[in-house]
Amino acid sequence: ANKKIGVVVGSLRKESFNKKIANFLIENAPDGYNLELIEIGHLALYNQDYDEGDSPASYHPFREQIKSVDGVIFVTPEYNRSVPGVLKNAIDVGSRPYGKNSWDGKPALVISSSIGNISGFGANHHLRQSLVFLNMPTLQQPEVYIPNCQELFDDQGKLNNADTADFLRNALRSFVDFMEKLSA
Ligand code: FNR
């Protein structure tokens with residue numbers, strides 16, 4: 001089965017560690033799976049008025065891309081113990097108009113990382129709260145928290161920590177197995 005997984009990164013920063021983790025996942029896609037980035041930085045701030053009339057041009061292709069994937073991986077930093085606004089905005093845009101939730105039923109994997117020791121735990125679990133409402137079945141184990149992410153990459157931005165690489169590959173494998181079970 002050739003399946004597609006969308007990867008949503010909660011940081012727009014050029015040198016984002018979360019983006020580097022996402023790139024590692026894309027390069028380590030399991031056989032039969034394509035991982036593609038879903039960009040969120042260009043999305044206008046959500047306004048419910050858009051649901052009744054014209055919405056920003058960026059919304060339609062974004063919603064179509066979400067609908068086109070078989071699963072979604074979120075890779076996010078923690079901002080002030082929660083989900084970065086840019087990611088929450090993307091979640092909200094994808095969830096509307098009312099009754100047309102593009103995220104509906106898509107299996108999800110949540111990865112959080114941080115330059116600190118708590119690994120974005122707050123963001124990880126606030127995100128999970130939204131995924132319940134969006135009806136996205138979410139992998140429970142392994143939980144993926146990546147601490148001290150500033151120590152994991154070389155000058156080229158490549159992951160150079162073998163334990164983290166193994167852990168992320170295993171998590172990806174578990175997610176794909178979870179997707180297979182759900183679609184069986
Ligand atoms: C942070 N950072 C942060 N880290 C953390 O562990 N818990 C937190 O609550 C916050 N809060 C926070 C707020 C804001 C506005 C910024 C800009 C940063 C630090 C964060 O872990 C660090 O900047 C990471 O490098 C962000 O991830 P990217 O951009 O490297 O992917």
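Just so it is clear, the model here is predicted, and its values are computed rather than measured.

**Student:** Just checking my understanding: could you explain the overall build of the chain for this structure?
**Tutor:** For the chain, the helix and strand inventory stands at 5 helices and 5 strands. Each helix (α) and strand (β) of the chain, taken in turn from the N terminus, gives the series β-α-β-α-β-α-β-α-β-α. Expected size for 184 residues packed as a compact globule is a radius of gyration near 16 Å; at 16 Å, the chain falls within 12% of this value. Expressed along its principal axes, the backbone C-alpha trace of the chain runs to roughly 50 × 40 × 25 Å.

**Student:** Quick question: what am I supposed to make of the nonpolar core here?
**Tutor:** In globular proteins that are soluble, nonpolar side chains generally tend to be buried together. One finds Val7, Ile21, Leu25, Ile73, Phe74, Val75 and Ile111 to be the most contacted residues of the largest nonpolar core, which totals 43 residues. Excluding residues that lie within four positions of it along the chain, Ile111 makes contacts with Ile21, Ile73, Phe74, Val75, Val144 and Ile146.

**Student:** How should the sheet that holds strand β5 (residues 144-146) be read in this particular structure?
**Tutor:** Strand pairing in a sheet is mediated by backbone hydrogen bonds. Such pairs are either parallel or antiparallel. What the 5 strands build is an open sheet, ordered β2-β1-β3-β4-β5; its pairing is parallel. The strands lining the two open edges of the sheet, one partner per strand, are β2 (33-37) and β5. With strand direction ignored, the average angle separating the axes of adjacent strands in the sheet is 20°. Note that strand β4 (residues 108-113) and β5 share 3 bridges and pair parallel. Of the residues in β5, the one forming a bridge with Ser113 is Ile146.

**Student:** Any chance you could explain unusual backbone geometry here in plain terms?
**Tutor:** Among all residues except glycine, the phi angle is most often negative; among peptide bonds, the trans geometry is most common. Following Arg96, the chain continues to Pro97 via a peptide bond in cis, the omega torsion being 0°. The omega angle of the peptide bond from Gln141 to Pro142 is 0°, so this bond is cis rather than trans. Looking at the element boundaries, Pro142 is found in the loop between α4 (121-133) and β5. Despite not being glycine, Ser119 has its phi angle at roughly 60°, a positive value. You can see Ser119 is positioned in the loop between β4 and α4.

**Student:** What exactly am I supposed to notice about the UniProt feature "domain: NADPH-dependent FMN reductase-like" (unreviewed entry) in the chain here?
**Tutor:** Under the present numbering, the feature "domain: NADPH-dependent FMN reductase-like" (unreviewed entry) in UniProt falls on residues 4-149. End C-alpha to end C-alpha, residues 4-149 measures 27 Å, and it is 31% helix and 18% strand.

**Student:** Any chance you could explain α4 here in plain terms?
**Tutor:** Given 3.6 residues to a turn, an α-helix orients residues that are three or four positions apart in the same direction. With 13 residues, α4 extends 19 Å from end C-alpha to end C-alpha; this agrees with the ideal 18 Å at 1.5 Å per step. Buried within α4 are the following residues: Ala123, Asn124 and Leu127. Projected down its long axis, α4 shows its buried positions confined to an angular sector of 100°, all on one face. Set apart from the buried face of α4 by more than 90 degrees, the exposed residues are Gln129, Val132 and Phe133. Tucked inside the fold, the buried residues of α4 contact β3 (71-76), β4 and β5.

**Student:** Looking at this structure, how should I read the confidence of the model for the chain?
**Tutor:** Interpreting fine coordinate detail is not advised for predicted regions of low pLDDT. Across the chain, the average pLDDT comes to 97, with 99% of residues at 70 or higher. Here the complex is predicted with pTM 0.98, and the ipTM for its interfaces comes to 0.99.

Here is what the cut-offs are and how they apply
Position numbers for residues start from 1 in each chain and track the written sequence from start to end. Totals for whole chains, interfaces and linings use every residue, but because this is a predicted model, local features are given only for residues with pLDDT of at least 70 and side-chain atom pairs only at 80 or more, for both listing and counting. Secondary structure is summarised from DSSP: a helix means a run of H or I of at least four residues, a strand means a run of E of at least two, and numbering begins at the N terminus for each. Note that the radius of gyration is over C-alpha atoms, with the globule rule given as 2.2 Å times the number of residues to the power 0.38. For this entry, the nonpolar core is defined as buried Ala, Val, Leu, Ile, Met, Phe, Trp, Tyr and Cys residues connected by C-beta atoms within 7 Å. Backbone-placed C-beta atoms define the burial measure: a residue is buried with 20 or more other C-beta atoms within 10 Å of its own, exposed with 12 or fewer, and partly exposed in between. Working definition of a contact: two residues with C-beta atoms, positioned from the backbone, lying within 7 Å. Strand pairing follows a simple DSSP-based rule, namely that at least 2 bridges must link the two strands. Axis definition: a line fitted to C-alpha atoms, limited for helices to the stretch in contact. Angles are taken between N-to-C directions and run from 0 to 180 degrees. UniProt positions are given in the numbering used here, feature names are shortened, and annotations may be inferred rather than shown by experiment. Expected helix span is taken as 1.5 Å per residue step, with the number of steps being one fewer than the number of residues. Regarding the arc, it is the one traced by the directions from the helix axis to the C-beta atoms. Across the chain, each position has a pLDDT score giving the predictor's confidence in that residue, from 0 to 100.

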